[in-house]
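Notes for the structure review
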Amino acid sequence: MVRRFLEYSLRYHRPIKAMWLEEGKMVSGNITVTVIEVNTFSFIGSRKKTPREMPIADVLSAAYARGDDGDTLKNTQRMKEETDD
């Protein structure tokens, strides 16, 4: 299920809420995925805008960010409008 949220974030350029392990501590935050590879993914956080890479196995859970209902039809229309501008 985590991978599906990562793919959602990548496909629609939408932030997701994620919880992961970082140096043995649980960390949570909103992230936007920029690249997904076989075992890792790259993302930018809402606080730190520098791109980072993380193993997918380190992600404990993922969900829609606050205010996102996951309506892919609306997201597709929004992306189309952005590219038309």
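Above this text you will find the structure in question.
A brief structural summary. Quick caveat: nothing in here was measured; it's all calculated off a predicted structure. Note that residues are indexed from 1 along each chain, following the sequence as it is written. Local features are withheld for residues below a pLDDT of 70 in this predicted model, meaning they are given only at 70 or higher, and side-chain atom pairs are given and counted only at 80 or more; totals for whole chains, interfaces and linings count all residues. As a convention, hydrogens and water are excluded, and side-chain values are obtained from all of the structure's heavy atoms.

Brief notes about the environment of Phe-5
Note the following rule: Each helix is a run of DSSP H or I of at least 4 residues and each strand a run of E of at least 2, with the numbering of both proceeding from the N terminus. Partly exposed describes any residue whose relative accessible area lies between the buried limit of under 20% and the exposed limit of over 50%, with all areas from a 1.4 Å probe on protein chains only and scaled to the type maximum.
Note that Phe-5 resides in helix H1 (residues 2–12). Taking relative accessible area as the criterion, Phe-5 reaches 13% and is therefore assigned buried. With 31 residues separating them along the chain, Phe-5 and Ile-36 place their C-alpha atoms 11 Å apart.

Topic: the sheet that holds strand E1 (residues 16–22)
Backbone-to-backbone hydrogen bonds join strands into a sheet, with any given pair of strands oriented parallel or antiparallel. Worth spelling out the cut-off: Between any two strands, at least two bridges found by DSSP are needed for them to pair. All axes are obtained by fitting lines to C-alpha atoms, using only the stretch in contact for helices, and the reported angles, taken between N-to-C directions, cover 0 to 180 degrees. The contact criterion used is simple: two residues touch if any of their non-hydrogen atoms lie within 4.5 Å.
Spatially, five strands are ordered E4-E3-E2-E1-E5 in an open sheet, and the strand pairing comes out antiparallel. On the outer flanks of this sheet lie strand E4 (52–55) and strand E5 (59–64), each paired with one strand and no other. Each neighbouring strand pair of the sheet contributes to a mean axis angle of 50°, computed without reference to strand direction. Of the pairings in the sheet, the one linking E1 to E5 comprises five bridges and is antiparallel in character. Among the inter-strand pairings, Lys-17 is bridged to a residue of E5, identified as Ala-63. Together, E1, strand E2 (25–36), strand E3 (40–45) and E5 form the strand contacts of H1, whose direction differs from that of E2 by roughly 50°.

Treat this as a map of the structure, not an account of what it does.
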